Amino acid sequence: MNMSDYVTDDYDNYTTCEQDPIPELHDGSMVLQVLYCMLFGLGLLGNITVLWVLLRYIKLRSMTDVCLLNLAVSDLLLAASLPLWAYNHQNLVSCKLMTGVYQLGFYSGTLFVTLMSVDRYMAIVHAVSAMRARTLRYGIIASVTIWVLAVIMAIPQVIFVSLEMDDDNLKCQPLYPEDRQLFWKLRQNFSENTVGLFVCLPIMVFCYVKILIVLSKARNSKRDKAVKLIFTIVCVFVVCWVPYNVTVFLQTLQLFQFLDTCVALKTINSAMSFAEIIALSHCCVNPVIYAFVGEKFRKSLGKALARYLCWSYQSRGPFSHRDTTEKETSNTPVRSDY
């Protein structure tokens with residue numbers, strides 16, 4: 001038996017291991033329904049508000065605005081799929097739709113967070129030299145490229161996902177061809193880990209470490225606020241997505257007979273159910289850390305509320321997007337327009 005047959009045989013054992021009573025959140029449970037509905041409501045409200053303010057008041061004039069817009073769209077797609085997660089899948093259409101939207105939201109969201117990290121790095125560390133590279137045109141080109149990549153990486157999972165009977169319940173999961181199931185499973189895990197763990201996370205860490213070094217040398221009253229915001233961005237991304245990517249990596253090790261006991265299998269499967277919930281919650285947190293914390297967004301939202309809801313909004317002075325852009329690309333490195 002060659003290595004391919006050996007691992008494929010182990011994959012068969014991996015998929016047929018009997019279940020033991022290990023704590024796990026099952027699809028369709030009341031706890032999951034409540035959690036997903038709450039995340040759906042928060043994600044829908046937050047991201048629609050971000051899109052409304054961006055398109056109606058801030059407009060799109062820079063790469064930062066384009067990144068923020070696309071990140072909100074990505075999170076909105078992810079939030080829109082949550083009602084499908086909350087209930088059992090009774091038809092193939094909802095199964096494929098949920099899988100496609102989730103995969104698209106995962107890849108695009110992770111890539112746009114990384115793009116925003118690079119944009120912040122260029123704006124703060126290379127403020128003057130990066131002015132030409134941070135235009136609206138390049139922001140649109142980068143966004144289109146990310147969406148194309150996200151669609152390409154999500155297509156295989158949508159093609160293979162199907163409904164399978166499990167304990168008298170229909171379960172939405174990928175059904176790969178028997179002669180190629182190892183290849184496609186490894187391809188899927190490797191794709192997710194490459195984007196979320198091995199490429200994007202190191203890029204983010206590099207960018208924000210460089211940013212923190214520059215900010216630590218700046219003498220500015222806004223330094224502490226900027227440092228806290230940057231620290232929050234990295235921590236939230238790590239807390240939400242690293243557990244999921246680590247669990248996917250452990251599942252990959254199982255395919256090569258590492259951690260191949262039934263106890264390990266069921267423990268990792270149980271951990272995956274919780275990791276997915278944590279990862280999905282990121283679509284609700286992004287509007288807060290990328291928009292509501294930002295000074296420019298808060299001022300625009302305040303003007304919108306004052307106009308449509310007759311709320312009083314105290315402003316320190318007239319606000320101009322041109323002024324913000326000039327400050328952002330000046331030699332003062334602590335300026336942030338999240």
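The preceding data block contains the structure.
Here's a quick rundown of the structure. In this text the structure is predicted, and so the values were computed from the model without any measurement. (Residues numbered from 1 in each chain as written. Predicted model: local features only at pLDDT ≥ 70, side-chain atom pairs only at ≥ 80, totals over all residues. Heavy atoms only, no water.)

**Section: the overall build of the chain**
- For the chain, the helix and strand inventory stands at 12 helices and 2 strands.
- In sequence order, the secondary structure elements of the chain are arranged as α-α-α-α-α-α-β-β-α-α-α-α-α-α.
- Looking at the chain residue by residue over its 338 residues, the buried ones come to 47%.
- Partitioning the intrachain contacts of the chain with sequence separation of at least 6 by distance along the chain shows that 78% fall at a separation of at least 24.
- Accessible surface computed for the chain: about 17100 Å², of which carbon and sulfur atoms make up 65%. (Helix = DSSP H or I, 4+ residues; strand = E, 2+ residues; numbered from the N terminus. Buried < 20%, exposed > 50% of the residue type's maximum accessible area, 1.4 Å probe, protein only. Contact = heavy atoms within 4.5 Å. Areas by Shrake-Rupley, 256 points an atom, 1.4 Å probe, with all protein chains shown as cover.)

**Some remarks on the packing of helix α3 (residues 63–80) against helix α5 (residues 92–125)**
- Relative orientation of the contacting elements α3 and α5 amounts to 160°, with a least axis distance of 8 Å. By the criterion of interaxial angle, the relationship of α3 to α5 is roughly antiparallel. When the axes of α3 and α5 are compared, the crossing they make is left-handed.
- When the residues that make up the contact of α3 with α5 are grouped by side-chain class, the tally is 14 nonpolar, 6 polar and 2 charged. (Axes fitted to C-alpha atoms, helices over the stretch in contact; angles between N-to-C directions. Parallel < 35°, antiparallel > 145°, perpendicular 65-115°, else oblique. Left-handed = near helix turned anticlockwise from the far one by under 90°. Nonpolar A, V, L, I, M, F, W, Y, C, P; charged D, E, K, R; others polar.)

**Considerations on the state of the cysteines**
- Across all of its chains, the model carries 1 disulfide by this definition.
- Counting only cysteine sulfurs, C283 is the nearest neighbor of C284, a cysteine outside any disulfide, at a range of 3.9 Å.
- The exposure class of C284 is buried, given its relative accessible area of 13%. (Disulfide = S-S within 2.5 Å.)

**Examining the packing of aromatic side chains**
- For the structure shown, the criterion picks out 11 aromatic pairs.
- Residues F160 and Y176 carry aromatic rings whose centres are separated by 5.4 Å and whose planes lie at 65° to one another, so their mutual orientation is edge-to-face. Of this pair, F160 sits in helix α6 (residues 136–160) while Y176 sits in the loop between β2 (169–174) and α7 (181–217), placing them 16 residues apart in sequence. The two residues F160 and Y176 agree in class, both being buried. (Phe/Tyr/Trp six-rings, centres within 6.5 Å; stacked < 30°, edge-to-face > 60°.)

**Section: the pattern of salt bridges**
- For the structure shown, the criterion picks out 2 salt bridges.
- Between R134 and D119 there is a salt bridge; the shortest N-O distance is 2.7 Å. Of this pair, R134 sits in the loop between α5 and α6 while D119 sits in helix α5; the two residues are 15 residues apart in sequence, bridging distant segments of the chain. Across the pair, exposure class does not vary: R134 and D119 are buried alike. (Salt bridge = Lys/Arg side-chain N within 4 Å of Asp/Glu carboxyl O.)

Such coordinate-based values are descriptive only and should not be taken to indicate function.
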